[in-house]
Amino acid sequence: MTSVLYYGLFVSLASVISFEDWRERKIRNNLILAGLLACGTGFCLLLVNSLLGVNHARLWMLGEYYLPLRFYPKMLAHVLLSLAAGVGFWRYS
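Just so you know, these numbers come straight off a predicted model, no measurement behind them.

Thresholds applied
Position numbers for residues start from 1 in each chain and track the written sequence from start to end. Since the coordinates come from a predicted model, pLDDT governs what is reported: local features require at least 70, and pairs of side-chain atoms require 80 or more to be given and counted, while whole-chain, interface and lining totals use all residues. Computation of side-chain values covers all heavy atoms of the structure but excludes hydrogens and water. Helix and strand definitions follow DSSP, with helices as H or I runs of at least four residues and strands as E runs of at least two, each counted in order from the N terminus. For the radius of gyration, the atoms used are the C-alpha atoms, and the globule rule reads 2.2 Å times the number of residues raised to 0.38. Exposure is judged per residue with a 1.4 Å probe applied to protein chains only, and the accessible area is read against the type maximum: over 50% gives exposed, under 20% gives buried, and values in between give partly exposed. Whether two residues are in contact is decided by their heavy atoms, any of which lying within 4.5 Å being enough. We get accessible surface area from the Shrake-Rupley algorithm with a probe of 1.4 Å; when it comes to residues, only the shown protein chains can shield them. Here Asp and Glu are counted as negative and Lys and Arg as positive; His is not counted, and neither are the chain ends. Where a charge sits is defined by one atom per residue type, namely NZ (Lys), CZ (Arg), CG (Asp) or CD (Glu). Here, patches come from residues exposed beyond 30% relative accessible area and free of salt bridges, joined within 9 Å for like charges and within 5 Å for nonpolar side chains (Val, Leu, Ile, Met, Phe, Trp, Tyr). Here a salt bridge means any side-chain nitrogen of Lys or Arg lying within 4 Å of a carboxyl oxygen belonging to Asp or Glu. To estimate the expected span of a helix, count its residues, drop one, and scale the result by 1.5 Å.

S.K.: I would appreciate a short explanation of the overall build of the chain in the present structure.
M.R.: When you go through the chain residue by residue, the secondary structure sums to three helices and zero strands. Along the chain direction, N to C, the helices and strands of the chain fall in the order α-α-α. Taken over the C-alpha trace, the chain has a radius of gyration of 16 Å; the compact-globule value for 93 residues is 12 Å, which it surpasses by more than 25%. Expressed along its principal axes, the backbone C-alpha trace of the chain runs to roughly 50 × 30 × 15 Å. Out of the 93 residues in the chain, the part that is buried amounts to 14%. Excluding contacts between residues fewer than 6 apart, the proportion of contacts in the chain whose partners are at least 24 apart in sequence is 32%. When the accessible surface of the chain is summed, it comes to about 7700 Å², and 71% of that surface belongs to carbon and sulfur atoms. Considering the chain, the positive charge centre built from 8 side chains and the negative charge centre built from 4 side chains are found 9 Å apart.

S.K.: Any chance you could explain a nonpolar patch on the surface here in plain terms?
M.R.: Together, L47, L51, V54, Y66 and L69 make up an exposed nonpolar region whose accessible area comes to about 380 Å². Classification of V54 by relative accessible area gives partly exposed; the value is 36%.

S.K.: Which parts of the structure should I look at to understand the pattern of salt bridges?
M.R.: Close approach of charged atoms allows side chains of opposite charge to pair. This model, assessed by the stated rule, comprises two salt bridges. The partner of R28 in a salt bridge is E20, and the shortest N-O contact between them spans 2.7 Å. Here E20 falls in the buried class, since its relative accessible area comes to 5%.

S.K.: Could you clarify how one ought to interpret the environment of V11 in this entry?
M.R.: Within the fold, V11 resides in helix α1 (residues 2–24). Considered as a pair, V11 and C39 are 28 residues apart in the sequence and their alpha carbons are 13 Å apart.

S.K.: How should unusual backbone geometry be read in this particular structure?
M.R.: In most cases, non-glycine residues show a negative phi, while peptide bonds are predominantly trans. For R25, which is not a glycine, the phi torsion comes out positive at approximately 65°. By secondary structure assignment, the location of R25 is in the loop between α1 and α2 (29–54). In this structure R25 comes out as exposed when scored by relative accessible area, which is 72%. Despite not being glycine, H56 shows a phi value in the positive range, around 55°. Relative to the helices and strands, H56 resides in the loop between α2 and α3 (71–92). For H56, a relative accessible area of 68% translates into the label exposed.

S.K.: So what exactly am I meant to see when it comes to α2 here?
M.R.: At 3.6 residues per turn, the α-helix brings residues three or four places apart onto the same side. In this model α2 runs 37 Å from its N-terminal to its C-terminal C-alpha over 26 residues, within 8% of the 38 Å that 1.5 Å per residue would give. Within the sequence span of α2, burial applies to L31, G35, A38, G42, N49, S50, L52 and G53. Positive phi shows up at H56, right after α2, with a value of about 55°.

What follows is the structure, encoded as structure tokens:
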């Protein structure tokens, strides 16, 4: 259920961002922050889900299917490298 909600959120957000970029040739900062907030919320939800699952606890629909905890340091490294590349390209242009 959660994945369907997030999929709908990201498709609608991507549609709004694409239309705005096509029409005005720029993307407003509040749309970028909304995307970052949605990603951060989803990441935190996955982390809570994994922490519950590793401890064999359940909370509503959380903790039933989860990612291994070794996924999260790799994801953090990916986010930091992507952020560094994005800032580098932004400063270069």
